[in-house]
Structure formats: structure tokens, C-alpha cells
2 protein chains.
Amino acid sequence: MEKVILIPSEGMLSEFISILRKTGYSDDKAQKIAEIFTANSLEGIYTHGVNRFPRFIRNTRDRYINPDSEPTLTHASGSLEQWNGNLGPGPLNAVFSVNRAIELSDKYGIGLVALANTNHWMRGGLYGWQAAKRGYVFIGWTNTIANMPAWGAKDPHLGNNPFVLAVPYGKEAVVLDFAMSLYSYGKMESYANEGKKLPYPGGFDKDGTLTDDPEKILESWRTLPIGYWKGASLSLLLDILATILSGGSSVNEITARKAEYACSQVFIAINVNKLQNSPAIEKEVRSIIDDMHASIPVNDETSIRYPGENILKIREESLKKGIPVAGNIWDEIQAL
Amino acid sequence: MEKVILIPSEGMLSEFISILRKTGYSDDKAQKIAEIFTANSLEGIYTHGVNRFPRFIRNTRDRYINPDSEPTLTHASGSLEQWNGNLGPGPLNAVFSVNRAIELSDKYGIGLVALANTNHWMRGGLYGWQAAKRGYVFIGWTNTIANMPAWGAKDPHLGNNPFVLAVPYGKEAVVLDFAMSLYSYGKMESYANEGKKLPYPGGFDKDGTLTDDPEKILESWRTLPIGYWKGASLSLLLDILATILSGGSSVNEITARKAEYACSQVFIAINVNKLQNSPAIEKEVRSIIDDMHASIPVNDETSIRYPGENILKIREESLKKGIPVAGNIWDEIQAL
């Protein structure tokens, strides 16, 4: 196990800002992108925070990401808009699109922004938090490069297409952010590095047998869709929707390019303040969560949590103690 | 195994119409409801077609379903509307809501109808077909009575909250309709009746061990959410959204009434003809599906299908040969 060091969030933020500036981002964009990578790290999503930062910088240097691009409007039709991300930085394009969907929902009740030609948004949950903390319901998803087989297939033709649902909950939010494969490749790699089995079978080995051995799945690339045939179908539909709504690239078009860029995303915001029952919503959400919390746990060690519940604790702890980063990753970042 | 008989669809339709009329439905409503139950049966969804018809009639006789009710508008805010189903027949309320969401999408691009106080919609996929065959994207879901435990819990506090996504595909559609539990109780009962194991583990036994024995899950009521913790979270979010958007009842409020009535549903339609790329959509969907069909199957017997693909074949075959119905169920229907 690599040595873990604790980096204070301000230190991480300023390090990211300085590297982003060197990489061609304006001061304003460097600040915003650094804040996103730091927030994702503060909230425990290291795979799409600090651990992913070097790749984001490399992708910018390799011009997969254009640091100067801004989204441009392709087509507007009432509460439905199509935007072109112009291969700009994925997280900034996503923040822009959430804000635009919110503006549309302020005007119409529900607003949809479909974004073509954008880049990896890193952690989808962040955009759920962004909208829900401002009091909006958020539904969004992205397509990806093919990394999961169709049901009954051996070779990857589907993306894991992360899907986000978020609801305001007082000053915080209930935020679900999940990929269509049961485990990410990153997660399987960390189990493999520690010599551990997965908690549940996470894919098929080369011979088509369901296995909880991460090494065998990393070898076969046959990850398991959530709910087997169901998650595979959901992945297909999310790709079709992202592609046709944005007019952008599908999973197979992204995959044909070999590198994952120019993906398609959907951002839906709903202004719940426009609902008749808006004053009662917080109480209603609380009552649903209280009911779930009142479940009988399978044992004394199990805590039953709503999605996003744990984030609050991780954020608080990281703010106090610093963000845990593997020493080699921090070295790599400082050398960027 | 019960003897199976083949009923021509016209015979089934007229039988349903006559029973519905006797049960208090107007001629017009009897016709429409009978068409829905017949269509679901023709397309192979017997659990929410012919097999469910007796229960629908009993629920009407018991006044859980009010045959005279029509949906009424509670609140309108642009592309967002809240309707009250007034405990009318679920399938008619759902058809109405899809049509209303389509009207909103014609005006605004995207339209959302949230429906409170409605009844079981039977087969959600039907509404996906309804919208997509008319050329609209459809996203919809319903909450249900609690029938699945939260992740880490023993007792059911979550619904299986079926979710539907549909996209036009030429004159047909790609339609995904799935519940948050891997297997329905109906499916597990049929495996149990045939003395068979489930294809994959579908829940936990009383001692908390994952099992593919349907009898043990029917005993424990601990069904498995798709993707384990992911499907449990998705179920929670769909319930929160259906409840707050409609201002209606949540899973725990439905469950407190002991019988499943007055549930909450969401219907979203998107008018893809308003998109810049609308002329290219059919070709784009075809290209995504062709790419998936080009996957390498795990073996020679496996066919790789998009959701809804098989429905076309079943529909055609049932139209030709009749709809297969268990003899005892047809007897029960004729005695209604």
C-alpha cells in the first residue's frame, strides 16, 4: 500500500490553480476547475478528483480538451435547448449546462439542456449537488467510451453511462450518482491491488463464468451491468437519448475514435418552487428518509443511509484533517 | 403445470369489455381499458394483462378504483403540470397523462405531468410505446407499496417503482420498462411453482444469505435491488421525485394504508421533432442498435436484443395463434 499523505484543501486548490494556469487555462477557468477537482476530493470521490487531475492535464496538453472553448447554442426550442461543448473542459461545460437548465426551469417549470461535443464531466454527482443545493430537482447523464458488453455479449459495445438524480433536502441534498456497471474499473483495480475479492460478483471471466475476482474481470473486460440485462438496457437507452437529444456522438462513435472525447450529455432541471405543494416538500422528503432510516438493519454494524448522506461526514472530516492522497499521486501532480 | 388455452385477441377484448361494463365502467372506458389489458396480453406481459384482470375487477368492486373518476388539474406552471387521478382506473389515468405530457412538449419542447392519487398503471412499457410510436421520447415512473428492503435492511421500506424509457424507432420503438427489484414476486412464484432455481441470485434468505432459491425469497420478502445498493437508492429517489412532483403519496404513505392505491406517477414527453437534428434521429438510433447487434455473442444460442425487440415477434405470433392463458385464469375471468 502506497503511503497516504493529508493535503489541506487550500493547498490542493492553489496547486491545481497554478498547474491549470501553466496548462493554458485563464485565471477564471483555472480557479473554477481547481475548485471542482478539490470539491470532488474533499467529498471522497478521489477517482474523479485528485487522482484524475494528472490525466485531465495530460488530455489538455494533448488537445483533447480545448482550454479556451465555451459552449455555444446550437438550437433552442422553448424549454429544450441543444448546446455544443466545443471540446471545452467537461466540468465547466457541465456547470454551464446545469445553470442553463435551471434558467429554463425558472421560465418554464422544467428545462432540458442537451450538450454535444463535450468532455468527461468527472463526477456527475457534483452537478446534482449544484442544482439541488439551489433548490432544484436534477436529472442528468452522460455517455462514455464503450466499456461494458451488451447482455449476452463478450465484447464491450455499451458505455457505463453514469446517471444522476438529485433532490433538495433542506440546505443539503439527496444525490444519487451511479454508473451502469456494478463496479468501476478503478474500484476493481483497487481491490486487485489489495489482493481482495469484490463484495459481490462484478463481471464474467474469460470463460463466461460470473466471478468476484477483480483480476479476472480486468482481464476479460466483461464487467457486469447492474441488474444484469436491466442495466445493459438502461445503458443503451441513456446513450440513445444523450445522442439524439444533443445531436452529438454515441458510444460507438466515441469508441471509434479510440480516445474518450466529444461525448454527449443531458441536463434536466425542475423548479420545485413552482409546484403547488412546494412549502411541504422538505417535510415530505424528510418523512420518506425517516421511514427508510426506521428499517430493521441486517445487523448491529449496518447503517442504512440515503445516497449522499455519507458525503457530509467525509467533507467535514477532510476539511478538518486534510484530503488523503497517495504519495505517488501527489508527487506526480507536483511534477506536472 | 396448468393447462394453457389460446384465446383470440378479439375474444379476449369482447370478454373484457362485457365484464368491465357489468363492473360499472361506461362503454367508452370499458372499451379503452379492455384494449389495454388485451394489448398487454398480446405483447406477452401476461402478469399485467390477462392474469391481472380479475384483480383489477375486484379492486373496482371494492372501490379502491373509482370507475367514474377522471383526472383533474391541480396546478399548472408552464411545461410542468400536477394532476389528481381521483382514484380512477390507473391505465386510463396514465394514458391521459402521457397525452397531456405530449401536448405540453408540443408547446414547450419538454413536458412533465405529475399525477397524484392514481391507481396501478399495470404495464408501464405500454405508455412508452404509446408516446414513442407517436414520435416522442418518454420517461416515466410510478411508486408502489413497499415490497423491497433498503440496502442493509431486513424489512421492506422501498417500492420496486417501475421506470420506463422509450424512444421512437421508425414505426416502432425501443422501450425499456423495469422494476427496481431484479425479479418480480410474480416471476419468483412461477419459478417456485416449476420447482426451478432463479437464473441469478434474486434476494436474501431469512438468514441474510444471497440465494437463487425463489421459495426462500418468497418467505423472507428480501428481494434483491438491481445493482444491490444502486437499485435501492434509485428506488428511493424515484419515490421522492414522484411524491414531491405530484404532491401525492409516498411509498410509506401507500404502505400505511395496507392496500396499494393512490400512488404517484411521473410522465415526461420530449418532442424530438423540435430538435435541430430531427431528420437524422432514426438513422442515429439504427446505427446505435446495429452496433450493439454486431457484438460477439457469448455462444451460438444467444441473441443480443434491444429492449422491446422481442415484443414485435410475440405480438405477431399472438395475433396469429391466439393469446396463451392458463385455463384456471380464463375460468376465473369468465366467472367474474
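None of the values given here were measured: they were computed from a predicted structure.

### Description of the overall build of chain A
Then step 1. Along its length, chain A carries twelve helices and 14 strands.
Then step 2. Computed over the C-alpha atoms, the radius of gyration of chain A is 20 Å, within 12% of the 20 Å expected from 2.2 N^0.38 for a compact globule of 336 residues.
Then step 3. Projected onto its principal axes, the C-alpha coordinates of chain A cover approximately 55 × 55 × 45 Å.
Then step 4. Total accessible area on chain A stands at roughly 12900 Å², and carbon and sulfur atoms take up 49% of it.
Then step 5. Across chain A, the mean location of the 34 positive side-chain charges is 2 Å away from that of the 38 negative side-chain charges.

### As for the interface of chain A and chain B
Then step 1. Across the contact, 81 residues belong to chain A and 81 residues belong to chain B.
Then step 2. When the buried surface of chain A facing chain B is broken down by residue, Tyr200, Lys230 and Ile244 of chain A rank first, second and third, together holding 9% of it.
Then step 3. At the boundary of chain A and chain B, one finds 26 residue pairs in polar contact (both at pLDDT 80 or more).
Then step 4. If one sorts the elements of the side of chain A that touches chain B by residue count, helix α8 (residues 229–246) of chain A sits on top with 13 residues.
Then step 5. In terms of residue class, the side of chain A that touches chain B is built from 49 nonpolar, 23 polar and nine charged.

### Overview of the nonpolar core
Then step 1. In this structure, Trp141 and Phe163 of chain A together with Trp141 and Phe163 of chain B are the most contacted members of the largest nonpolar core, which totals 104 residues.
Then step 2. For Trp141 of chain B, the contacting residues outside a window of four places in its chain are Ile139 of chain A together with Trp121, Pro162, Phe163, Leu238, Leu241, Ala242, Ser264, Gln265, Val266 and Ile268 of chain B.

### Comments concerning helix α8 (residues 229–246) of chain B
Then step 1. Its 18 residues give α8 of chain B an end-to-end C-alpha distance of 26 Å, which sits within 8% of 26 Å, the value for a rise of 1.5 Å per residue.
Then step 2. Most of α8 of chain B is tucked away, with 17 of its 18 residues classed as buried.

### Observations regarding the relation of the copies chain A and chain B
Then step 1. The transformation that overlays chain A on chain B combines an axial shift of 0.0 Å with a rotation of 180°, and the residual RMSD is 0.0 Å. On this basis, the relationship between the two copies can be described by a two-fold rotation axis.
Then step 2. A symmetric contact is evident, with 100% of the interface residues of chain A recurring at the interface of chain B.

### Structural notes on the packing of aromatic side chains
Residues and elements named next belong to chain A.
Then step 1. A full pass over the atoms with the stated rule returns 46 aromatic pairs over all chains.
Then step 2. An angle of 80° between the planes, with centres 5.8 Å apart, marks the rings of Trp151 and Tyr228 as edge-to-face. Here Trp151, found in the loop between β6 (148–149) and β7 (156–158), pairs with Tyr228, found in the loop between β12 (222–223) and α8; they are 77 residues apart in sequence, far enough to count as distant.
Then step 3. When its relative accessible area of 25% is taken as the criterion, Trp151 is described as partly exposed.
Then step 4. Ring centres 5.6 Å apart and planes at 90° place the aromatic pair Tyr169 and Tyr306 in the edge-to-face group.

### A short note on the sheet that holds strand β11 (residues 210–211) of chain A
Residue and element names in this part refer to chain A.
Then step 1. What the three strands build is an open sheet, ordered β11-β10-β12; its pairing is antiparallel. Lying at the two open borders of the sheet, with one neighbouring strand each, are β11 and β12.
Then step 2. Two elements, strand β10 (residues 203–204) and β12, share two bridges in a ladder whose sense is antiparallel. The residue bridging Gly203 from the neighbouring strand is Thr223, located in β12.

### Some points on the side chain of Arg123 of chain B
Then step 1. Assignment of secondary structure puts Arg123 of chain B in the loop between β4 (110–118) and α5 (125–133).
Then step 2. In this structure the side chain of Arg123 of chain B is engaged in a polar contact, spanning 2.8 Å, whose partner is the side chain of Glu43 of chain B.

### Let's talk about the environment of Asn160 of chain B
Residue and element names in this part refer to chain B.
Then step 1. Within the element layout of this structure, Asn160 appears in the loop between β7 (156–158) and β8 (163–169).
Then step 2. Residues Asn160 and Leu238, 78 residues apart in the sequence, show an inter-C-alpha distance of 9.6 Å.
Then step 3. The residues touching Asn160, leaving out its near neighbours within four places in the chain, are Thr144, Asn147, Ala179, Met180 and Ser181.

### Quick look at the packing of helix α1 (residues 9–22) of chain A against helix α2 (residues 27–42) of chain A
Residue and element names in this part refer to chain A.
Then step 1. Between α1 and α2, the least distance of the axes is 8 Å, while the angle of their chain directions is 140°. Overall, the two elements α1 and α2 adopt an arrangement that is oblique. In terms of crossing hand, the pair formed by α1 and α2 is right-handed. Of α2, the residues touching α1 (which contributes Ser9, Met12, Leu13, Phe16, Ile17, Leu20 and Arg21) are Asp27, Ala30, Gln31, Ile33, Ala34, Glu35, Phe37, Thr38, Ser41 and Leu42.

### Topic: the confidence of the model for chain A
Then step 1. For chain A, mean pLDDT is 96; residues scoring 70 or higher make up 99% of the total.
Then step 2. Quick note on the complex model: pTM equals 0.98, ipTM equals 0.97.

### Description of the sheet that holds strand β5 (residues 136–142) of chain B
Then step 1. Pairing within the open sheet is mixed, and its seven strands lie in the order β2-β3-β4-β13-β5-β8-β9 (chain B). With one partner strand each, in any of the chains shown, β2 (72–77) and β9 (172–178) of chain B form the two edges of the open sheet. On average, each strand axis in the sheet is tilted by 15° relative to the strand beside it, whichever way the strands run.
Then step 2. The pairing of β4 of chain B with strand β13 (residues 263–271) of chain B spans seven bridges and is antiparallel. What sits directly across from Gly111 of chain B, in β13 of chain B, is Ala269 of chain B.
Then step 3. The strands that α8 of chain A touches are β5, β8, β9 and β13 of chain B; relative to β8 of chain B, the one it contacts most, it runs at about 50°.
Then step 4. Packing of helix α10 (residues 281–293) of chain B onto the sheet brings it into contact with β8 and β9 of chain B, and relative to β8 of chain B it is tilted by some 115°.

### Comments concerning α1 of chain A
Residue and element names in this part refer to chain A.
Then step 1. Helix length check: α1 (14 residues) gives 20 Å between terminal C-alpha atoms against 20 Å at 1.5 Å per residue, within 8%.
Then step 2. When we look at burial in α1, the residues that qualify are Ser9, Met12, Phe16, Ile17, Ile19 and Leu20.
Then step 3. Summarising the contacts, the buried residues of α1 are in contact with β1 (4–7), α2, α3 (53–61), α11 (309–321), β14 (323–326) and α12 (327–334).
Then step 4. Just downstream of α1 lies Gly24, where phi reads positive at about 110°.

### Topic: the pairing of β9 of chain B
Residues and elements named next belong to chain B.
Then step 1. Most of β9 is tucked away, with five of its seven residues classed as buried.
Then step 2. Alignment of β8 against β9, held across seven bridges, turns out to be antiparallel. Each residue of the ladder has a partner; that of Pro168, found in β9, is Ala173.
Then step 3. The turn joining β8 and β9, which pair antiparallel and follow one another in sequence, is formed by two residues; a positive phi near 60° is taken by Gly170.

### Notes on the environment of Ile33 of chain A
Then step 1. Looking at the secondary structure, you find Ile33 of chain A in helix α2.
Then step 2. Setting aside anything within four residues of it in sequence, one finds Ile33 of chain A in contact with Leu20, Tyr25, Phe56, Pro89 and Leu92 of chain A.

### Overview of the packing of helix α10 (residues 281–293) of chain A against α8 of chain B
Then step 1. It is at 10 Å that the axes of α10 of chain A and α8 of chain B come closest, and there the two elements cross at 150°. Regarding the angle of α10 of chain A to α8 of chain B, the classification is roughly antiparallel. Helix-helix and strand crossings are classified by hand; for α10 of chain A and α8 of chain B the assignment is right-handed. Only Leu236, Asp239, Ile240, Thr243 and Ile244 of chain B of α8 of chain B make contact with α10 of chain A, whose side of the interface consists of Ile281, Glu284, Val285, Ile288 and Met292 of chain A.
Then step 2. Looking at the contact of α10 of chain A with α8 of chain B residue by residue, the classes come out as seven nonpolar, one polar and two charged.

Calculation notes
- Residues numbered from 1 in each chain as written.
- Chains lettered and ligands numbered in written order.
- Predicted model: local features only at pLDDT ≥ 70, side-chain atom pairs only at ≥ 80, totals over all residues.
- Heavy atoms only, no water.
- Helix = DSSP H or I, 4+ residues; strand = E, 2+ residues; numbered from the N terminus.
- Rg over C-alpha atoms; globule rule 2.2 N^0.38 Å.
- Areas by Shrake-Rupley, 256 points an atom, 1.4 Å probe, with all protein chains shown as cover.
- Lys, Arg positive; Asp, Glu negative; His and termini not counted.
- Charge placed at Lys NZ, Arg CZ, Asp CG, Glu CD.
- Contact = heavy atoms within 4.5 Å.
- Buried area = accessible area lost by both parts, 1.4 Å probe.
- Polar contact = N/O pair within 3.5 Å; in protein donor to acceptor, adjacent residues only side chain to side chain.
- Nonpolar A, V, L, I, M, F, W, Y, C, P; charged D, E, K, R; others polar.
- Core = buried A, V, L, I, M, F, W, Y, C linked by side-chain atoms within 4.5 Å.
- Buried < 20%, exposed > 50% of the residue type's maximum accessible area, 1.4 Å probe, protein only.
- Expected span 1.5 Å × (residues − 1).
- Least-squares fit on C-alpha atoms with pLDDT ≥ 70 in both.
- Phe/Tyr/Trp six-rings, centres within 6.5 Å; stacked < 30°, edge-to-face > 60°.
- Pairing = 2+ DSSP bridges.
- Axes fitted to C-alpha atoms, helices over the stretch in contact; angles between N-to-C directions.
- Parallel < 35°, antiparallel > 145°, perpendicular 65-115°, else oblique.
- Left-handed = near helix turned anticlockwise from the far one by under 90°.
- pLDDT = per-residue confidence, 0-100.

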